[in-house]
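One-letter residues, chain by chain:
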Amino acid sequence: MVSALLEDLKYRGIIYQMTDEEKITELLDTEQVSIYCGADPTADSLHIGHLVPFLTLRRFQEYGHRPVVLIGGGTGMIGDPSFKAEERKLLTEEQIDQNVDGIKAQMGRVFDFNDENGAVLVNNKDWLKEISLISFLRDYGKHVGLNYLLGKDAIQSRLETGISYTEFTYTILQAIDFGHLNKNYNVKMQIGGSDQWGNITSGLDLMRRMYGENESEGLTIPLITKADGKKFGKTESGNIWLDPARTSPYEFYQFWLNQSDADVIKFLKLFTFLDKEAIEALEKSVAEEPHLRKAQKSLAEEITRFLHGEEALEDAKRITDALFNGEIKSLTSNEIKDAFKDVPTENFDGEDENLVNVLVETKISSSRRQAREDINNGAIYINGERQQDVNHVITADDKLDGEFTVIRRGKKKYHMVTYNK
C-alpha cells in the first residue's frame, strides 16, 4: 500500500520521523483524517522558520484531509523548553492574547477554512485554563513517569544549564492537547518540527495510558538548513516575518529571490506547491542556465503570492525592477525607505552639500581624489541617475520629499543620506 501524499512528502524531503509508516499510510488511504499542528504565540507574528510544518498541514488539506490549527494561548504562558539553551522570558497574559490575534490572522492566508474539509482553528487556552492544579496532578501527572520525562532529549539537553518545574511540565500540557483534540475533534495525527518528537510521543503515550489503545500517530519534519550548514530563515537584520508590517512583501520577495543555486530547489520543494514536473524543469534550468535565475524567481513569486497575495507580489516585482533599472524616482518615499532600510545611512544638517564631500564623509569613496575619479568614471548615481559633474552640489532637487538622497557607487554599493529638517 502506497500513500500518494506520503510519496509527495518524501520527494520534497519533508518527512524526518514517523511513529508507524504502515499505519499512517493505511489511515490516510482509508479515511479523511483530522491532523493538527501548533505554534505558541511568542510574538504577534510567525516567521518563516515556522512555515514548513504549517505548509505541510496545508498539503494534507490539498489531499482531502482536515487540518486543525492550534495556537498555544495556554502553553505559550509556560514556554517550550525543547532544545532551548535557557529559560524563556514569560509573557503577560495580555501580550499572549494579542499575539494569538496576530497569528490567527496569518493562518487565514495559509489555510482554507471554508470548504468541505475546511481547517479548524483552536486555542489551547480554552481547555487548559479549566484544569485545576489538583486535577492536573491526579488526572494527568499520575500517568507520566519522571524517568520517562527525563529520558526525553529535549529535557535532557537542559538539565545541565537548569530547567524550572514550569517548563518541565510543558510536555505534559502538549500531551493533554493531543488527547483533548483526539476526543473532541477526532484528531488522529500530530505533525511538527523534529524538535517536537518528544512532545508528540508524550501525547501518544498519555492517550494510551488514559484512554487505551487508539489509532493516533505522529510525524516530524527535519530541521531546515542551508547548503552551507547555516541556520535557515534569518538575515543580518533578523527574522523574516509573515506579518507585512514587520517584513514588507518587498523584503520577503527579495529574501527568496536571493537564495543560492545550491538551496533553491530544496526550498521550492519545501515552500511551494509546484508539482514534481515543474520543479524538475527548474532544476534543469539551474544546471544549464543559472544566470537566468528562473528557479529563484519562481520560488520568490510562488511563496510571496501565497502569503501576501497577487497585488503585494506585483508591488514587490515593480520595486525590484525599478531598482534594477535605476528608476528610483518612480517609487514612493515609503517604498524607497523600505528597499534601503538596511543600507548604510548618514545624516546631514540639511544644507546644500558638495557631492565630493558627501562621498568622502559617507565613506562611499575612500578619499577626495577617489571621489572625483569615481564621478568622472561614471560610477556615481544620485537617486538612480548617473552624475559625472565633480562640482555637483546636492540641493533640494536631489532630496526626495526633502528627506533623503540615495547614492550608489557601481552596481550594488548603496548609501542613504538623510537630512535634518
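Everything discussed here concerns the structure shown above.
Residues numbered from 1 in each chain as written. Predicted model: local features only at pLDDT ≥ 70, side-chain atom pairs only at ≥ 80, totals over all residues. Heavy atoms only, no water.

Chemist: What should I look at first to understand the sheet that holds strand β12 (residues 385-386) in this one?
Modeler: Neighbouring strands of a sheet are bound in pairs by backbone hydrogen bonds; such pairs are parallel or else antiparallel. Taken in spatial order, the five strands of this open sheet run β9-β15-β14-β11-β12, and their pairing is mixed. Each edge of the sheet is formed by a strand with only one pairing partner; in this case those strands are β9 (345-348) and β12. The pairing of strand β11 (residues 380-382) with β12 spans two bridges and is classified as antiparallel. Note on β12: the bridge partner recorded for Ile 382 is Glu 385. (Pairing = 2+ DSSP bridges. Helix = DSSP H or I, 4+ residues; strand = E, 2+ residues; numbered from the N terminus.)

Chemist: Before we go on, may I ask you to explain the sheet that holds strand β5 (residues 187-193) in this structure?
Modeler: The strand order β1-β6-β5-β2-β3-β4 describes an open sheet built from six strands, whose pairing is mixed. In this open sheet, the two strands that pair with only one neighbour each are β1 (17-18) and β4 (120-123). In this fold helix α3 (residues 51-62) packs onto β2 (34-39), β3 (66-71), β5 and β6 (217-221), with an angle of close to 165° to the strand it touches most, β2. (Contact = heavy atoms within 4.5 Å. Axes fitted to C-alpha atoms, helices over the stretch in contact; angles between N-to-C directions.)

Chemist: Looking at this structure, I do not really get the packing of helix α1 (residues 4-11) against helix α2 (residues 21-30). What am I missing?
Modeler: Remark: α1 packs on α2, axes separated minimally by 9 Å, with the N-to-C direction vectors making an angle of 125°. Here α2 runs oblique to α1, going by the angle between their axes. When α1 is examined against α2, the residues Leu 5, Leu 6 and Lys 10 are found in contact with a partner set consisting of Glu 21, Ile 24, Thr 25 and Leu 28. Class assignment for the residues of the contact of α1 with α2 results in four nonpolar, one polar and two charged. (Parallel < 35°, antiparallel > 145°, perpendicular 65-115°, else oblique. Nonpolar A, V, L, I, M, F, W, Y, C, P; charged D, E, K, R; others polar.)

Chemist: Would you take a moment to explain the packing of aromatic side chains for this structure?
Modeler: Centre-to-centre distance and the angle between the planes together describe a pair of aromatic rings. Summed over all chains, the structure comprises 13 aromatic pairs. Aromatic side chains Phe 255 and Trp 256 sit 5.1 Å apart centroid to centroid with 85° between the ring planes, which places their arrangement in the edge-to-face category. You'll find Phe 255 and Trp 256 in the same group, each marked buried. Each ring, one from Phe 273 and one from Phe 306, has its centre 5.4 Å from the other, and the planes form 40°; the classification is tilted. Pair noted here: Phe 273 is in the loop between α13 (261-271) and α14 (276-288) and Phe 306 is in helix α15 (residues 294-308), with a separation of 33 residues, a long-range link. In this structure Phe 273 comes out as partly exposed when scored by relative accessible area, which is 30%. What links up through ring pairs into an aromatic cluster is the set Phe 232, Phe 252, Phe 255, Trp 256, Phe 267 and Phe 271. The ring of Phe 273 is capped by Arg 59, whose NZ or CZ atom sits 4.6 Å from the centre of that ring. (Phe/Tyr/Trp six-rings, centres within 6.5 Å; stacked < 30°, edge-to-face > 60°. Buried < 20%, exposed > 50% of the residue type's maximum accessible area, 1.4 Å probe, protein only. Lys NZ or Arg CZ within 6 Å of the ring centre and 35° of its normal.)

Chemist: Any chance you could explain the pairing of strand β15 (residues 413-419) here in plain terms?
Modeler: Within a regular strand, side chains alternate between the sheet's two faces. Burial analysis of β15 places five of its seven residues in the buried class, the great majority of the element. Sheet topology note: the β9/β15 ladder contains four bridges and is parallel. Each residue of the ladder has a partner; that of Glu 346, found in β15, is Val 417. Direction of pairing for strand β14 (residues 404-409) relative to β15: antiparallel, over a ladder of six bridges. Across the sheet, Arg 409 pairs through a bridge with Lys 413, a residue of β15.

Chemist: What is the right way to read the nonpolar core from this model?
Modeler: One broad rule of soluble globular proteins: the nonpolar side chains tend to lie buried together. Of all hydrophobic cores here, the largest spans 60 residues; its most connected members are Trp 256 and Phe 271. Setting aside anything within four residues of it in sequence, one finds Phe 271 in contact with Ile 48, Leu 51, Val 52, Leu 55, Arg 59, Phe 232, Trp 256 and Ile 303. Core analysis: the next-biggest nonpolar cluster, separate from the first, contains 26 residues, Val 120, Leu 128, Tyr 170 and Met 207 among them. (Core = buried A, V, L, I, M, F, W, Y, C linked by side-chain atoms within 4.5 Å.)

Chemist: Would you take a moment to explain the packing of helix α12 (residues 249-257) against α15 for this structure?
Modeler: Angle between the axes and distance between the axes are the two parameters that describe a pair of packed helices. Look at α12 against α15: their axes get within 8 Å of each other, and the N-to-C directions meet at 145°. By crossing handedness, the relation of α12 to α15 is classed as right-handed. Across from Pro 249, Phe 252, Tyr 253, Trp 256 and Leu 257 in α12, the residues of α15 making contact are Gln 296, Lys 297, Leu 299, Ala 300, Glu 301, Ile 303, Thr 304, Leu 307 and His 308. When the residues that make up the contact of α12 with α15 are grouped by side-chain class, the tally is nine nonpolar, three polar and two charged. (Left-handed = near helix turned anticlockwise from the far one by under 90°.)

Chemist: Could you clarify how one ought to interpret a negative patch on the surface in this entry?
Modeler: Where like charges cluster on the molecular surface, the negative patch consists of Asp 275, Glu 277, Glu 280 and Glu 283. In this structure, Glu 283 sits in helix α14. (Patch = residues over 30% accessible without salt bridge, like charges linked within 9 Å, V, L, I, M, F, W, Y side chains within 5 Å. Areas by Shrake-Rupley, 256 points an atom, 1.4 Å probe, with all protein chains shown as cover. Salt bridge = Lys/Arg side-chain N within 4 Å of Asp/Glu carboxyl O. Lys, Arg positive; Asp, Glu negative; His and termini not counted. Charge placed at Lys NZ, Arg CZ, Asp CG, Glu CD.)

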